[in-house]
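Residue-level structure breakdown
In case you want the letters, here they are:
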Amino acid sequence: MEMFQLLIVDDEPFVVDDLADTLPWEEIGIGLVYKAYSGVEALEILKSNPIDVMITDIQMPELNGLELLEQVNRNWKRVKCLLLSGHAEFSYAQQAIKHHICDYLLKPIGDEEVLEKVGLVVQALQKEREESQNYQRIVKAFEENLPKLRGDFLGELLQGKVFSAKVLTEKLHSLKIAVPHNCFALMLARLEGEMLEFDFYNLSLMEFAVINIAEEIFHPGFRLWSCKDVHGYLSFMVLLPEDQANDGQWATAQGREELEHQLELMGSQLQMNVSKYLKGTVSVLLHKWGSFPQDIPKLYQDSLLSLRRRVGNQSEMLVCVTDETEQLPVQALHKLYEPPLLIHLLESGQWEVMREKLTGIVHEIRTKHADSPEYLIEAFFSIYAAFSSYAHKNGRELADMIGSEMVHVAGTGITAYRSLEVLENWIFEAARLLQQSMEHDTRSDRESAVSKIHQFVQRHLADDVSLQAIADYLNMHPVHVSRLYKLETDENLSDYVLRLKMELAASLLRSNDLKIYEIGMKLGYPNPNYFIKVFKKHYALTPQEFRLKLEGGAAK
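Because the structure is a prediction, the values reported are computed rather than measured. (Residues numbered from 1 in each chain as written. Predicted model: local features only at pLDDT ≥ 70, side-chain atom pairs only at ≥ 80, totals over all residues. Heavy atoms only, no water.)

In any sheet, the strands associate via hydrogen bonds between backbone groups, in a parallel or an antiparallel arrangement. Taken together, 5 strands build an open sheet; the order of strands is β7-β8-β6-β9-β10 and the sheet is mixed. Edge positions in the sheet fall to β7 (223–228) and β10 (318–321), since each has one partner strand and no second. If you compare each strand with its neighbour and ignore which way they point, the axes differ by 20° on average. Sheet topology places strand β9 (residues 281–291) next to β10; 4 bridges connect them, and they run parallel. (Pairing = 2+ DSSP bridges. Helix = DSSP H or I, 4+ residues; strand = E, 2+ residues; numbered from the N terminus. Axes fitted to C-alpha atoms, helices over the stretch in contact; angles between N-to-C directions.)

Right, dumping it as structure tokens:
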């Protein structure tokens, strides 16, 4: 961790010396502490040293704290400032707001409060440094990954994921995608023949080459936004250039017919170029124009249907898709398979969103397919499979989590699809039991982690029992360890460690075999003055006073 430099300013030397010499500044990222006993001396130190944080008193002769802050804000804007003030001076302290101070420290000052507030400032500085250093790297990485990010977004839209108007606009803007007049056409390209026998690396190169050939053919008349969909097909959203979209030709029947004719010619050209330059074959499906984004899932499903029915196992086909789904007497369930999928919601612990999705599935069946038992069967087994998969990924059987009767072949579970009402009851009861079981496991895991923390601290109390050491032992992040312990015990982990250390210190003080500084060293306090301060705050006695009191009691 990068170490920062601190300047403490006060005209009372004992305040400066006490703060500078007795606190464990290294633990919060302060590597060097400067002392100044006046505002004038502070300015001289600032002129010759790269100070990062400054703590200053208000009432000082010659140059008071507010005047010092004004000069620091004018000449050393990057220095983070904290203000020392008494309650009687608080009205003056409020004037410091315009000098962008980070926080106040009210006298009398507690060691923990000083360390906590300076520690927060250090964390802010560290974050600023990291953000400054990484910004250009992040921007470059974002630009390099822009095609993949665009492809992922298009893939979500094809699968029917719904975004609010605000989120959709923000994503289009950040990914630098323009959809003039919300008008688009859809094209699928299916690689065939020997190309499908390539290994992953060579297949990826071939797909990349096909996309590049398509972009060259369609430019400048059209723009392509591409991705590889969940079926392995190359999917293209065909967009008009903004100047062509604005001339209004696309809005007329004749204009659209001409555009569709151009698309057919370019689709045929794509097939010929793939054959000529890549020695491969590809089938191409072109769909008529639609409105963005509401028509995307329908046009995509129409294209897949045409691929299944009109192309099948044939190769190097060119198909212009029509509204085939409108001719079908049976429609597919939509809510069950649109993203986010049930299994993904379960794995991410989004229980409320999962219940909303289940409600949507039931509503779709009730309003569109209530008379068909096949939809009940399809929904039941799909949801049952998601619940089972989630249980197995957590090392459990579904029967252990929701009860054997809910999953038994001859019991309630398998008959859940006999009516929509029975299915609905089974779905939500199984979801409730699943969540209840998982939350119980989570509590058990927390209790186990806390037990391990207690064991570690008790075994290593005289060694390193820092938050980082405990986190390394548990293979967890320090922040997670701290929050987990607080959540489970309603006590800060640092308070627990301190309490045990002070209890051990008291035990060691009962014997005269160790000097006070040696006891401090054993407990991880290399600075004896700081150990004395911590002990006195805990017992209201210094270690020496505590020992003398014990000896006096023993004499009686």
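This next bit is on the sheet that holds strand β5 (residues 103–106). The 5 strands lie next to each other as β2-β1-β3-β4-β5, forming an open sheet whose pairing is parallel. Looking at the sheet topology across the chains shown, the edges are occupied by β2 (30–36) and β5. Ignoring strand direction, the axes of neighbouring strands in this sheet form an average angle of 20°. The strands touched by helix α1 (residues 13–22) are β1 (4–9) and β2; relative to β2, the strand with the most contacts, the crossing angle is about 165°. The strands touched by helix α2 (residues 39–48) are β1, β2 and β3 (53–57); relative to β2, the strand with the most contacts, the crossing angle is about 140°. (Contact = heavy atoms within 4.5 Å.)

On to the packing of helix α6 (residues 146–158) against helix α7 (residues 165–174), then. Put simply, α6 and α7 touch, their axes get as near as 11 Å, and they point 150° apart. One finds that α6 runs roughly antiparallel with respect to α7. The two elements α6 and α7 meet at a crossing, and its hand is left-handed. Residue-level inspection shows Leu 146, Phe 153 and Leu 157 of α6 in contact with α7, the latter providing Leu 168, Lys 171, Leu 172 and Ser 174. Its residues assigned to classes, the contact of α6 with α7 shows 5 nonpolar, 1 polar and 1 charged. (Parallel < 35°, antiparallel > 145°, perpendicular 65-115°, else oblique. Left-handed = near helix turned anticlockwise from the far one by under 90°. Nonpolar A, V, L, I, M, F, W, Y, C, P; charged D, E, K, R; others polar.)

Here we take up the pairing of β3. Within β3, 5 of the 5 residues are buried, leaving the element largely enclosed by the surrounding structure. Side-chain alternation along β3 places Val 53, Ile 55 and Asp 57 on one buried face and Met 54 and Thr 56 on a second face that is also buried. As defined by bridge partners, β1 adjoins β3 across 4 bridges and the pair is classed as parallel. Paired with Ile 8 across the two strands is Ile 55, which belongs to β3. Handedness of the crossover joining β3 and strand β4 (residues 80–85) through helix α3 (residues 65–75): right-handed. (Buried < 20%, exposed > 50% of the residue type's maximum accessible area, 1.4 Å probe, protein only. Right-handed = clockwise from strand over helix to strand, strands pointing away.)

All quantities given are derived from atomic positions and should not be read as evidence of function.
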